[in-house]
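Chain by chain, the residues:
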Amino acid sequence: MKTKETTSLFALSIITTVTFVKPVFHCTYKWNEKHKLVANCEHQGLTSVPRNLSRDIQELILSNNLINILKNNSFIKYSNMERLILSKNKIYEIHEDAFVGLNSLTVLKVNDNLINITILPEGVFRHLSNLIALDISKNKKQLNESYQFIYPDVTFSRLEHLQNLSIDLYMYPVFGRGFIKLHNLTSLDFHKCYLRNSIGFKLWNSTFENFSSNLKELYIRGCRHLFLMEYGLLEHFPNLKILDLSNSYVHLYQALRILHPYQNKKMSVINFHHITDSSINGNDFPYSVVITAEMMKYIRTICIESLDLSKTGIVDYQEKSLFSFEHPKCFKTFIMSANRLPATITDHYFEVVEFMKRAANIKVYDFSYLTSDYPDPVYLNVYHPETLDPFEKRIHNVYFSPEVSIFLPPSLEFLRFTHTSSVFSTAFIICSNTSLRYLDVSFGVYKHFPNGTDSCGKQLEYLDISGSPKAIKTFPRIPLPKLDILKMAHARIDQLILKGKEWMVFRAPNLRKIDISFNNIWILEETTFVNQPNITHLNLSNNLFRAIPTFVKHLHKLEYLNLSNNLIVSINDTMRRWLDNVSSNRKFVLDLSNNDLVCSCDTVDFLSWIEKKKEIFYDADNYTCTYTKKSEQVPLKKVIKNKKKYFLYCEINMWLLPLCISVGSAFGIFIPLSLLYNYRWKIILHMYRKVRRVVENNLHENYMYDAYVSYEDRSVTWIQEFLLPKIEDEWGLKVFLHDRDILPGDLTADAKAESIKKSRHFVFIITEHFTEGKWGKFEIERAVYEKCTTNLRKIIVILQNIQVKDIPEEIVKISNDVCFIELPLDKNEIYDKTDHQSTWLKLQALFYLN
């Protein structure tokens, strides 16, 4: 009875377990920088909010899951939570009491979901009394763009402590009076924008009238269609410090016009990057913009810290306009890149010089990618210009007007003067008590590269002089005691090396990263970087190196060596030992991608070493090599994984070679004995032939012909009467003769090429008239090609009535790869006479032995 009860209880427990088991998910816990407990549940496939997390969490990350509904009381257990991240889920519905218990929540992100904000319950945010930041952007699109979009002001009015709101901007927006209650709102970010120039549409003066006048930051970014803005749009934000219209096609005319409320005020950032686009071109808003004094009348009075006018369509500017700011001392960042300004004329030049003199506090100045529309300009971030990746790939070209001096303010830290089209014969950079840390004057077309005073290099940490060989001869001769990164790509260093000129003359003892890619360099001296002992990153990519240059062994701090896109075939044993030693002592990365690596019997050791040292190679899984046996490109990891399959023939050749030597020795010693003992040598050849066929079958080498025979008309009779009876009848081999084996209708050249490829050996029968034949030269070239690239074993030349010294020049050129035999062109020859037997024997041996 007890046994039955036990069995029943066990079955019940199993049923209960199966019924109530929950999906397994793996949230991780950690303490953030502010010593707050964070639960990270990203990418777990969750369809609802987990209920069994620690009650003490202060931040919950649920982004990138499959949650679609936020039900009532979803977070009631997590009353200590301050940050909740629900980005990139499938949320389309939020119940009214979903956020019950989250009284301490300050940050809520529900962006990138499917929420229709117009149908949010009115009280959905009432429990979030302390919310400071809400991101509800990039959600469901407007259903009908022809009607007003009524923002749910009553719903948002519950967030009286809200300071940062990120939301989408829809067509015909209406922000009701409920937004008046957001009197603490300081940042309004329209993260996703759907505005376009529809009939009767514009952002009216009244659009933002119900927002707080305390607003300090306004972002309307990414509107990829032209839309109109009324003159007084920003009058409701008298305290605005940041105006960001970047990548919104409002046109520079409108953007400068709506700045009138900020005359004689201070602003932190005005970001007009790419607000004029080529898709905008009309009478009212032309793509080409000429700056006038009238256009600048508002902005010139503003005290601006950071101004971005990059890619705004500016093609020229009138006198006393573009650089006529009343408060140049306010500037810290000024970006003018990717416009189409003309070659700088004298008046323009003096305006720029005067502005630079007066901008005593400027730190970042960018005047790059000018005149032409460059394909991929690298833009600065107006908020964080120093984050520009110093190893970003660039393009080309620069111009200016003659004999100029550039005065740098002492405060300037970041100067970028690259990819423009202004030509001056020379420029002189004058620095006094400089703070300059970053200088990019790359890809300039100068008669003489810009020179500078010694003080220009005192604080310099980054220098890019790519694109001009003249740079190496001038500017870098100044002292660079703090230089950390140097770029010299596309500088034609190879030309200087060929002329025996010095090019590495930099006095930069602290240099750590150097880029000399794209310079056609094939060799560098052992002492190249002897004065730069601290180099950790060296970029030699896109050059012509055939091996790792040995000078790198003297760089005792090297951590990263980029040799991609060179001509390296393998790494020799000495360099491998050095790499073993380096990688065992410190972290080291070697990039050999897109080289001419070879997979052959000679490189098996190298491939085995790569397998053991795979961790030091950058992107090793994508390397390829040339498999010499079949002359094809194969993935290196595939070859390494199947070495026995790919290199079986190497092991066979190891014993075939001694066998051939042994047979050859025996052949030479016992020929007299073989003749005495009738045809015993035939047994040896016959056995070897059997062994060879077995080997070839294992290697999947299938020849259709034992030999391809090339000849001219005088040899036809001799071939029929003497050669074919020997080779095909007596020796049992098969040869290709074009007169006999090319089928009617076949293209002769293609048929010959294909037959040569399928032949084990190639036989030339040379007479004094051989090269007069139609196909002689073609067949010689094809034989050489197949010998180098495929499995063609031997090229045999039979000389008939011709001396060796008189053979064709084409044959002489390949004589190192050829076996010569003399047989007379004599119809009365009796081929089995004793004095001819050794010659025929030699020919048979050549056919039989590889």
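Residues numbered from 1 in each chain as written. Predicted model: local features only at pLDDT ≥ 70, side-chain atom pairs only at ≥ 80, totals over all residues. Heavy atoms only, no water.

Visitor: What is the right way to look at the overall build of the protein in this model?
Guide: Each helix and strand counted, the protein has 18 helices and 39 strands in total. Out of the 850 residues in the protein, the part that is buried amounts to 51%. Long-range pairs, those at least 24 residues apart, make up 67% of the contacts in the protein between residues at least 6 apart in sequence. Only carbon and sulfur atoms are counted for the fraction: they give 52% of the accessible area of the protein, which is about 41000 Å². (Helix = DSSP H or I, 4+ residues; strand = E, 2+ residues; numbered from the N terminus. Buried < 20%, exposed > 50% of the residue type's maximum accessible area, 1.4 Å probe, protein only. Contact = heavy atoms within 4.5 Å. Areas by Shrake-Rupley, 256 points an atom, 1.4 Å probe, with all protein chains shown as cover.)

Visitor: Got a minute to help me understand the sheet that holds strand β34 (residues 632-635) in this structure?
Guide: Note on sheets: strands pair through backbone hydrogen bonds, and any given pair is parallel or antiparallel. One open sheet holds the 3 strands; their spatial order is β32-β33-β34, and the pairing between them is mixed. At either end of the open sheet lies a strand with only one pairing partner, and these are β32 (598-599) and β34. (Pairing = 2+ DSSP bridges.)

Visitor: Would you mind going over helix α7 (residues 573-585) with me for this structure?
Guide: Residue pairs three or four apart in sequence face the same way in an α-helix, which turns once every 3.6 residues. Look at α7: 19 Å from first C-alpha to last across 13 residues, which is about the 18 Å you get at 1.5 Å a residue. Buried residues of α7: M575, R576, W578, L579, V582 and S583, and no others. Viewed end-on, α7 has its buried residues packed into an arc of 160°, placing them on one side of the element. Seen from the open side of α7, the exposed residues pointing more than 90 degrees away from its buried face are S584 and N585. Where α7 is buried, its residues touch β31 (589-591) and α8 (604-612). (Expected span 1.5 Å × (residues − 1). Arc of directions from axis to C-beta.)

Visitor: Even after reading the chapter, I still don't get the environment of Y262, so can you show me in this structure?
Guide: Looking at the element boundaries, Y262 is found in the loop between α3 (252-257) and β15 (266-271). For Y262, a relative accessible area of 0% puts it in the buried group. C-alpha of Y262 to C-alpha of T301: the two residues are 39 residues apart in sequence and 8.3 Å apart in space. With sequence-adjacent residues up to four places away left out, Y262 is seen in contact with L234, F237, P238, L240, M267 and I302.

Visitor: Mind showing me how you'd approach the state of the cysteines here?
Guide: By definition, a disulfide is the covalent link that joins the sulfur atoms of two cysteine residues. By the definition in use, this model includes 4 disulfides. The partner cysteine of C303 in its disulfide is C330, sulfur to sulfur 1.8 Å. Between C303 and C330, the disulfide has an S-S torsion of -105° and is therefore left-handed. Of this pair, C303 sits in strand β17 (residues 303-308) while C330 is found in the loop between β18 (314-317) and β19 (333-335), placing the two residues 27 residues apart along the sequence. Taking the relative accessible area as the measure of exposure, C303 reaches 11% and is therefore buried. (Disulfide = S-S within 2.5 Å.)

Visitor: What should I look at first to understand the packing of aromatic side chains in this one?
Guide: Two aromatic rings are characterised by how far apart their centres lie and by the angle between their planes. All told, the structure shown has 42 aromatic pairs when counted by the stated rule. Between F208 and F237 the ring centres are 5.7 Å apart and the planes differ by 35°, which places this aromatic pair in the tilted class. Of this pair, F208 sits in the loop between β12 (187-193) and β13 (217-220) while F237 sits in the loop between β13 and β14 (242-244); the two residues are 29 residues apart in sequence, bridging distant segments of the chain. Since its relative accessible area comes to 0%, F208 is described here as buried. For the ring pair W731 and W840, a centre distance of 6.4 Å and an interplane angle of 70° mean the geometry is edge-to-face. Of this pair, W731 sits in the loop between α13 (716-730) and β36 (735-736) while W840 is found in helix α18 (residues 834-848), placing the two residues 109 residues apart along the sequence. No difference in accessibility class separates W731 from W840, as the two residues are buried. Each member of the aromatic cluster is reached from another via a ring pair, and the members are F125, F149, Y151, F156, Y170, F175, F179, F190, Y194, F208, F211 and F237. (Phe/Tyr/Trp six-rings, centres within 6.5 Å; stacked < 30°, edge-to-face > 60°.)

Visitor: Looking at this structure, how should I read the pattern of salt bridges?
Guide: Pairing between side chains becomes possible if they bear opposite charge and their charged atoms approach one another. Counted according to the given criterion, the structure contains 25 salt bridges. The salt bridge partner of E326 is R300, with a shortest N-O separation of 3.0 Å. In this pair, E326 sits in the loop between β18 and β19 while R300 sits in the loop between β16 (289-291) and β17, placing the two residues 26 residues apart along the sequence. Take E326: its relative accessible area is 37%, and that puts it in the partly exposed class. Between R416 and D366 there is a salt bridge, with the nearest N and O atoms lying 2.7 Å from each other. Pair noted here: R416 is in strand β22 (residues 414-416) and D366 is in strand β20 (residues 364-366), with a separation of 50 residues, a long-range link. Of the residues examined, R416 reaches a relative accessible area of 0% and is grouped as buried. Sharing partners across several salt bridges, the network here consists of E96, D97 and R126. (Salt bridge = Lys/Arg side-chain N within 4 Å of Asp/Glu carboxyl O.)

Visitor: Got a minute to help me understand the pairing of strand β37 (residues 759-766) in this structure?
Guide: Moving residue by residue along a regular strand, the side chains alternate between the two faces of the sheet. β37 sits mainly inside the fold: 8 of its 8 residues count as buried. Sheet topology note: the strand β35 (residues 705-710)/β37 ladder contains 5 bridges and is parallel. Counterpart to V709 in the pairing with β37 is V763. One ladder, built from 6 bridges, connects β37 with strand β38 (residues 794-799); its direction is parallel. Within the sheet, the bridge partner assigned to I766 lies in β38 and is L799.

Visitor: Explain unusual backbone geometry here, please?
Guide: Peptide bonds are mostly trans, and most non-glycine residues show a negative phi. Within the chain, H251 stands out as a residue other than glycine whose phi angle is a positive 75°. As for its position among the elements, H251 is in the loop between β14 and α3.

Visitor: Would you mind showing me how to read the nonpolar core here?
Guide: Across soluble globular proteins, you tend to see nonpolar side chains buried next to one another. Grouped together as the largest cluster of nonpolar side chains are 176 residues, with contacts concentrated most on F75, F99, L108, F125, F272, F334 and L538. Among all residues touching F75, those that are not within four sequence positions of it are V49, L60, L62, L70, M81, L84, L86, A98, F99, V100 and L102. Counting 24 residues, the second-largest nonpolar core is a separate cluster that includes A707, L723, L724 and V735. (Core = buried A, V, L, I, M, F, W, Y, C linked by side-chain atoms within 4.5 Å.)

Visitor: Explanation requested: the pairing of β12 in the structure shown.
Guide: Of all the 7 residues making up β12, 5 are buried; the element is thus mostly covered by neighbouring parts of the structure. Taken together, the 6 bridges between strand β10 (residues 164-169) and β12 define a ladder with parallel strand orientation. Across the sheet, residue D168 finds its bridge partner in β12, namely K192. Both β12 and β13 contribute to a ladder of 4 bridges, which runs parallel. Within β13, the position partnered with S187 by the bridge is E217.

Visitor: Please explain the packing of α7 against α8 as it appears in this structure.
Guide: In a packed pair of helices, the relevant descriptors are the angle between the two axes and the axis-to-axis distance. Relative orientation of the contacting elements α7 and α8 amounts to 10°, with a least axis distance of 11 Å. Looking at the two axes, α7 sits roughly parallel to α8. Across the interface between the two elements, R576, L579 and D580 from α7 touch D605, F606 and W609 from α8. (Axes fitted to C-alpha atoms, helices over the stretch in contact; angles between N-to-C directions. Parallel < 35°, antiparallel > 145°, perpendicular 65-115°, else oblique.)

Visitor: Sorry if this is basic, but what is going on with the side chain of D591 here?
Guide: Position of D591 relative to the elements: it lies in strand β31. For D591, the side chain forms a polar contact with the side chain of S593, separated by 2.7 Å. Once you skip the residues sitting within four places of it in the chain, D591 turns out to touch Y560, L561, N562, L563, S564, Y618 and Y623. (Polar contact = N/O pair within 3.5 Å; in protein donor to acceptor, adjacent residues only side chain to side chain.)

Visitor: I'm lost on the confidence of the model for the protein in this one. Help?
Guide: Averaged over all residues, the pLDDT of the protein is 82; the fraction at 70 or higher stands at 81%. This model gives residues 1-23 a pLDDT under 50, and the stretch forms 0 contacts once residues within four places in sequence are excluded. (pLDDT = per-residue confidence, 0-100.)

Visitor: When you look at the side chain of Q254 in this model, what are you seeing that I'm missing?
Guide: If you trace the backbone, Q254 turns up in helix α3. Among the residues examined, Q254 registers a relative accessible area of 3% and is labelled buried.

Visitor: How do you make sense of the sheet that holds β38 when you look at a structure like this?
Guide: In spatial order, the strands read β36-β35-β37-β38-β39; together these 5 strands make up an open sheet with parallel pairing. This sheet does not close on itself; its edge strands, each paired only once, are β36 and β39 (818-822).

Visitor: Could you clarify how one ought to interpret a nonpolar patch on the surface in this entry?
Guide: Together, L498, W522, I523 and L544 make up a nonpolar patch on the protein surface, roughly 390 Å² of accessible area in all. For L544, the position within the fold is in the loop between β29 (537-539) and β30 (560-562). (Patch = residues over 30% accessible without salt bridge, like charges linked within 9 Å, V, L, I, M, F, W, Y side chains within 5 Å.)

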